[in-house]
Amino acid sequence: RKEVEQDPGPFNVPEGATVAFNCTYSNSASQSFFWYRQDCRKEPKLLMSVYSSGNEDGRFTAQLNRASQYISLLIRDSKLSDSATYLCVVNPSSSGSARQLTFGSGTQLTVLP
Amino acid sequence: DAMVIQNPRYQVTQFGKPVTLSCSQTLNHNVMYWYQQKSSQAPKLLFHYYDKDFNNEADTPDNFQSRRPNTSFCFLDIRSPGLGDAAMYLCATSRDWRVSHEQYFGPGTRLTVT
């Protein structure tokens, strides 16, 4: 089983739609979680961290479910500019001190006019 | 603006011809990482430095080496590139994982091996 698994998509949605991505992780002791966005042939950029209580940043909402070991990202009112690959990222250390992050393979989103 | 810079952005090398990719940062972060990313795949960590402390991933081929002469710069050396080494190489930094695990990426170097 992969450490971080995502549905690769692609998700093709019309402008204005709401879309949700899920990600599962295998290490129950993982402490830090992130969503990164990667545009085609560009570098990943941090979209948002994911906190236990869930957090929202404008049209984006991230949630963490530790019991089921999954993380979600909800995008409301999709814009054309949201088209990208969304990477689920986990710090696998139980102590939170691991030096590295584990990346999912990403979910591709295309927002259609 | 503080940032992570990679040079060159595109590199073409011949099979077996050594190549060096460079990364510099103005963020004054302690940790620097090198990742390899192939099409439609997750970034794969090759190695990282915490200050001068070098950490190699177990499955990183010996063909890949790295140097960090100072806090700001880090180099990736590929001693004998093979066709399978064609990929995007991403440099990333983070301040200190005891403070935050967020990583900041440079724009990447796309390597072509002919």
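Residues numbered from 1 in each chain as written. Chains lettered and ligands numbered in written order. Predicted model: local features only at pLDDT ≥ 70, side-chain atom pairs only at ≥ 80, totals over all residues. Heavy atoms only, no water.

**Student:** Can you lay out the state of the cysteines for me, pointing to particular residues and giving the numbers?
**Tutor:** As used in these notes, a disulfide is a covalent bond between sulfur atoms, one from each of two cysteines. Inspection of every chain in the model, using the stated rule, returns 2 disulfides over all chains. Paired through a disulfide, C23(A) and C88(A) show a sulfur-sulfur distance of 2.0 Å. With the S-S dihedral at roughly -75°, the linkage between C23(A) and C88(A) falls on the left-handed side. Of this pair, C23(A) sits in strand β3 (residues 19-25) while C88(A) sits in strand β9 (residues 84-91), and the two are 65 residues apart along the sequence. The class for C23(A) is buried, based on a relative accessible area of 0%. In this structure C88(A) comes out as buried when scored by relative accessible area, which is 0%. A disulfide-free cysteine, C74(B) has its sulfur positioned 6.0 Å from the sulfur of C91(B), the nearest such atom. (Disulfide = S-S within 2.5 Å. Helix = DSSP H or I, 4+ residues; strand = E, 2+ residues; numbered from the N terminus. Buried < 20%, exposed > 50% of the residue type's maximum accessible area, 1.4 Å probe, protein only.)

**Student:** Outline the side chain of R68(B), supporting the account with residue identities and numerical values.
**Tutor:** All names here are of chain B. Within the element layout of this structure, R68 appears in the loop between β7 (64-67) and β8 (73-78). Buried and unpaired, R68 has no salt bridge, with D51 as the nearest side chain of opposite charge at 4.9 Å. Sequence-distant contacts of R68, that is, excluding residues within four places in its chain, are made with Q25, H29, N30, V31, M32, Y49, Y50, D51, K52, F73 and C74. (Lys, Arg positive; Asp, Glu negative; His and termini not counted. Salt bridge = Lys/Arg side-chain N within 4 Å of Asp/Glu carboxyl O. Contact = heavy atoms within 4.5 Å.)

**Student:** Hey, could you go over the sheet that holds strand β7 (residues 60-65) of chain A for me, with residue numbers and the actual values?
**Tutor:** Residues and elements named next belong to chain A. Spatially, β1-β3-β8-β7-β6 is the arrangement adopted by the 5 strands of the open sheet, whose pairing is antiparallel. Two strands bound the open sheet, and with one partner strand each, they are β1 (4-6) and β6 (55-57). Between one strand axis and the next, the sheet turns through 20° on average, direction left out of account. Across 3 bridges, β1 lies against β3 in antiparallel orientation. Bridge pairing in β3 places E5 opposite T24. (Pairing = 2+ DSSP bridges. Axes fitted to C-alpha atoms, helices over the stretch in contact; angles between N-to-C directions.)

Take it as geometry only, folks, not as evidence of what the structure does.
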